[in-house]
Amino acid sequence: MKKLILLTLLLCSTALFAQDFDKEKLDTYINLLQENNKASLAVAIAKANKPMYEKYAGFLSQEAKLKMNANTKFRIGSITKTFTAVIIFQLIEEGKLTLDSKVSSFYPTMKNADKITIAHLLSHQSGIFNFTDAPAILSIMTQQKTKAELLEIIKDQPSDFEPGTQTSYSNSGYVLLGLIIEAASGKSYEKHLQTRIIRKLGLKNTAYGAKIQTNKNQANSLNFQNGKWLNFPQESDMSIPFSAGAIVSTPNDLNKFTYALFNNKLVSAQSLVKMKEIKDGLGHGIFAVPFYNKTGYGHNGKIDSFDSSAYYFEADDMSISILTNGLNIDFNDIMIGVLSIYYNMDFELPKYDEKPIELSATALAQYAGTFTSEVLPIQMIIKAENGEITAQATGQGAFPLTAYSNREFRFDEAAIVLLFGGTADAVDYNSFTLKQAGQQFIFKKQ
């Protein structure tokens, strides 16, 4: 979620207030995404565990033209890890595990088993290689594997580092946590999921996933190719992601889950504090996402063409979940857009009918220079080289700009617009306005 962090770095002084928001504008934004083939998605927002907004714009199967609804189940990918972490902490509270329990107590032949603890697995500090990064994973993902076979796949990989010395995201670690849940209790992961979370919270549309059945209102994964949506060519077998990514759910169910978690309905306050303990960007089953002066806690996920996010903003007692089964835009842009509208920011709806233009190398050279703002403590360096134009803010990497007029340049991946002064007939190359997520800052050439 790097772009949300970028917003915080640039615009951290902004005060946000949650509240009544423009639901019609949010409807329009989501419809624009779907109508312009940018996303097939479902969005839900709840306040104090009470639904206050939901919208479904897309198809669960493009070929059959089946529209999604409130009960359409999506694969949520790595949001599953938060469910897994909750079960682990519940077992810890019951005295069946501790954060210091060693992997060697359950799987002694695992590399570094006598050094890796439950805490290391939860916080991605185990050093266990992330098996989904292996080149062969694309062929493996569609195959059904037993848990013993899955364990062997993980064991065959080399260690990345000594446990506890670094942080590196590892699906392998969370698969191992699922196996430890079973070994420590004698019950299946699926059974724990049902009894400890799903039934306890009354989540009617959440389950351990299986083969997708659209006739049971389960969303297919979609892929946009040659101007149209098609069903994704492969379907991951859920035996592979297991406790790292095999759950299916809906936005409303996920909002109930995050509310319950952060209001101590699932784990104790002490356990929640540990889950929220962030190191190198990752906690114990969750991570923090800044949006201006707000902080949300939760997780995101990706599997096949499904993308998902589920966050809880404690200061506002607000849960937000966005699930997609097909994207033709950066998923983070959608989250920024929805949050901007929710927080009543001056968010400009995208104009997807506008087309970029080409400017000559001579014309682009006129925009180059070093620019500063009286409000933001950064410089913005504009370079025009080899017929291309880029911008680079202090402490950030350079990013490409695309011209939409002789005054307006965009970097769509971070929803950034640079609008130079003057008019179309007389451009002022000495100043521009930086626009991002409803905020505007004037920069002048030095």
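Conventions we followed
- Every chain is numbered on its own, with residues counted from 1 as its sequence reads.
- Totals for whole chains, interfaces and linings use all residues, but because this is a predicted model, local features are given only for residues with pLDDT of at least 70 and pairs of side-chain atoms are given and counted only at 80 or more.
- Hydrogens and water molecules were not included; the side-chain quantities draw on all heavy atoms of the structure.
- Between rings of Phe, Tyr and Trp, where Trp is taken as its six-membered ring, a pair exists when centres lie within 6.5 Å; planes separated by under 30 degrees are stacked, by over 60 edge-to-face, and by other angles tilted.
- The helix and strand labels rest on DSSP assignments: H or I over at least four residues marks a helix, E over at least two residues marks a strand, and numbering proceeds from the N terminus.
- Exposure categories follow from relative accessible area, calculated using a 1.4 Å probe and restricted to protein chains: below 20% of the type maximum is buried, above 50% is exposed, and the middle band is partly exposed.
- A ring is scored as having a charge over it whenever the NZ atom of a lysine or the CZ atom of an arginine sits within 6 Å of its centre and within 35 degrees of its normal.
- Axis definition: a line fitted to C-alpha atoms, over the contacting stretch in the case of helices. Angles run 0 to 180 degrees between N-to-C directions.
- Any angle between 65 and 115 degrees counts as roughly perpendicular, while under 35 counts as roughly parallel, over 145 as roughly antiparallel, and the rest as oblique.
- Here, two residues are considered to be in contact whenever any of their heavy atoms come within 4.5 Å of each other.
- Each residue gets one of three labels, nonpolar for Ala, Val, Leu, Ile, Met, Phe, Trp, Tyr, Cys and Pro, charged for Asp, Glu, Lys and Arg, and polar for the others, Gly among them.
- Salt bridge criterion: a side-chain nitrogen from Lys or Arg within 4 Å of a carboxyl oxygen from Asp or Glu.
- Pairing of N or O atoms within 3.5 Å defines a polar contact, subject to two protein rules: one partner must be a possible hydrogen donor and the other a possible acceptor, and residues neighboring in sequence count only if both atoms are side-chain atoms.
- A pair of strands is treated as paired once DSSP finds two or more bridges between them.

Observations concerning the packing of aromatic side chains
Each aromatic ring pair is specified by the distance between its two centres and by the angle formed by the two planes.
1) Next: One pass over the structure, following the stated rule, counts 25 aromatic pairs.
2) Next: Centre to centre, the rings of F262 and Y312 are 5.4 Å apart; their planes meet at 10°, and the pair counts as stacked. Note that F262 is positioned in helix α9 (residues 251–262) and Y312 in strand β12 (residues 306–313), a separation of 50 residues in sequence. In this structure, F262 and Y312 share a single accessibility class: buried.
3) Next: Summarising the aromatic geometry, the rings of F420 and F432 are spaced 5.4 Å apart at their centres and angled 55° between planes, so their arrangement reads as tilted. In this pair, F420 is assigned in strand β20 (residues 416–422) and F432 in strand β21 (residues 427–436), connecting sequence segments 12 residues apart.
4) Next: Classification of F420 by relative accessible area gives buried; the value is 1%.
5) Next: Positioned above the aromatic ring of F59 is the side chain of K65, whose terminal nitrogen or guanidinium carbon lies 5.2 Å from the ring centre.
6) Next: Stacked on the ring of Y404, the Lys or Arg R410 has its end atom at 3.8 Å from the ring centre.

Topic: the packing of helix α7 (residues 171–185) against helix α8 (residues 189–201)
1) Next: Between α7 and α8, the shortest axis-to-axis distance is 9 Å and the interhelical angle comes to 85°. The orientation of α7 with respect to α8, classified from their angle, is roughly perpendicular. Residues G178, I181, E182 and S185 of α7 lie in contact with α8, whose contacting residues are Y189, E190 and H192.
2) Next: A per-class count over the contact of α7 with α8 returns 2 nonpolar, 3 polar and 2 charged.

Some remarks on the pattern of salt bridges
1) Next: Here the structure, examined in full by the defined rule, presents 16 salt bridges.
2) Next: Between K276 and E314 there is a salt bridge, and its shortest N-O distance comes to 2.9 Å. Here K276 is found in the loop between α10 (269–275) and β10 (287–291), whereas its partner E314 is found in the loop between β12 and β13 (318–327), with 38 residues between them in sequence.
3) Next: Relative accessible area serves as the criterion here: at 22%, K276 is assigned to the partly exposed category.
4) Next: Using a relative accessible area of 32% as the deciding quantity, one classes E314 as partly exposed.
5) Next: Here E348 makes a salt bridge to K351, at a shortest N to O gap of 3.8 Å.

Considerations on the side chain of T258
1) Next: Considering the arrangement of structural elements, one finds T258 in helix α9.
2) Next: For T258, a relative accessible area of 4% gives the class buried.
3) Next: Within the structure, the side chain of T258 is placed 3.2 Å from the backbone oxygen of N255, a separation counted as a polar contact.
4) Next: In this structure the side chain of T258 is engaged in a polar contact, spanning 3.2 Å, whose partner is the side chain of S319.
5) Next: Sequence-distant contacts of T258, defined by excluding residues within four places in its chain, comprise A310, Y311, Y312 and S319.

Comments concerning the sheet that holds strand β16 (residues 388–393)
1) Next: In space, the 9 strands of this open sheet follow the order β17-β16-β15-β14-β22-β21-β20-β19-β18, with antiparallel pairing throughout. The sheet is open, and its two edges are formed by β17 (399–400) and β18 (402–403), each paired on a single side.
2) Next: In this structure, strand β14 (residues 369–373) lies alongside strand β22 (residues 439–445), joined through 3 bridges in antiparallel fashion. Counted as the bridge partner of F371 is K445 from β22.

Regarding the pairing of β20
1) Next: The element β20 is extensively covered by neighbouring structure, given that 6 of its 7 residues are classed as buried.
2) Next: Of the pairings in the sheet, the one linking strand β19 (residues 408–411) to β20 comprises 4 bridges and is antiparallel in character. Looking across to β20, one finds that E408 is bridged to L419.
3) Next: The hairpin formed by β19 and β20 contains 4 residues between the paired strands, and A415 there has a positive phi angle of roughly 55°.
4) Next: Sheet topology places β20 next to β21; 7 bridges connect them, and they run antiparallel. Across the sheet, L419 pairs through a bridge with T433, a residue of β21.
5) Next: Count of turn residues in the β20/β21 antiparallel hairpin: 4 residues.

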